Amino acid sequence: MNITANLFIQHGLYYVILSYRDSNNKRKQKWIPTGITEKGNNKRLANQN
């Protein structure tokens, strides 16, 4: 299984988006909130988690 992760900002928060293919070879996405706000210099902190 091949999984890719991307960092995305939505509603002022950082989210990790996991993209993968399920057993039927359909593309799926899972959005996971990090709880880290966009304000300030938090991109480095979001990438570390």
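Everything numeric in this text was worked out from a predicted model, so none of it was measured.

Calculation notes
- Counting restarts for each chain, with residues numbered from 1 along the sequence as it is written.
- Per-residue local features are limited, in this predicted model, to residues with pLDDT of at least 70; the limit for side-chain atom pairs, both in listing and counting, is 80 or more; totals at the level of whole chains, interfaces and linings are taken over all residues.
- Water and hydrogen atoms play no part in the side-chain values, which are based on all heavy atoms of the structure.
- The way it works is that DSSP assigns letters per residue, a run of H or I at least four long becomes a helix, a run of E at least two long becomes a strand, and they are numbered from the N terminus.
- For every residue, the accessible area obtained with a 1.4 Å probe (protein chains only) is divided by the maximum for its type, and the residue is called buried under 20%, exposed over 50%, and partly exposed between those limits.
- A contact between two residues is defined here by any heavy atoms of the two lying within 4.5 Å.
- Scored from 0 to 100, pLDDT records how confident the predictor is in each individual residue.
- At least two DSSP bridges between two strands are required for those strands to pair.
- Lines fitted to C-alpha atoms define the axes, with helix axes restricted to the stretch in contact, and inter-axis angles between N-to-C directions lie between 0 and 180 degrees.

### A closer look at the overall build of the protein
- A tally of helices and strands in the protein yields one helix and three strands.
- Scanning the protein from its N terminus toward the C terminus, one meets helices and strands in the order β-β-β-α.
- Reported as C-alpha extents along the three principal axes, the dimensions of the protein are approximately 40 × 20 × 10 Å.
- In the protein, which comprises 49 residues, the proportion classed as buried is 14%.
- Across the protein, the fraction of contacts at a sequence separation of at least 24, relative to all contacts at a separation of at least 6, is 17%.

### With respect to the confidence of the model for the protein
- Counting all residues, the mean pLDDT for the protein is 88, and 98% of those residues have values of 70 or more.
- Model confidence for the protein, summarised as mean pLDDT per element, is weakest for helix α1 (residues 43-48) at 77 and strongest for strand β2 (residues 13-21) at 94.

### Quick word on unusual backbone geometry
- Positive phi is not limited to glycine here, since H11 has a value of about 55°.
- You can see H11 is positioned in the loop between β1 (4-10) and β2.
- On the basis of relative accessible area, H11 is assigned to the exposed category, the value being 72%.
- Here the phi dihedral of N25 falls at roughly 65°; this positive angle occurs in a residue that is not glycine.
- By secondary structure assignment, the location of N25 is in the loop between β2 and β3 (27-37).
- On the basis of relative accessible area, N25 is assigned to the exposed category, the value being 55%.

### Quick look at the pairing of β3
- The pairing of β2 with β3 spans eight bridges and is classified as antiparallel. Across the sheet, residue V16 finds its bridge partner in β3, namely I32.
- The antiparallel pairing of β2 with β3 creates a hairpin that spans five residues between the two strands, and N25 there sits at a positive phi of about 65°.

### Describing the sheet that holds β3
- Read across the open sheet, the three strands follow the order β1-β2-β3; overall the sheet is antiparallel. Strands at the two margins of the open sheet, each flanked by one partner only, are β1 and β3. On average, each strand axis in the sheet is inclined to that of its neighbour by 25°, with strand direction left out of account.
- The pairing of β1 with β2 spans seven bridges and is antiparallel.

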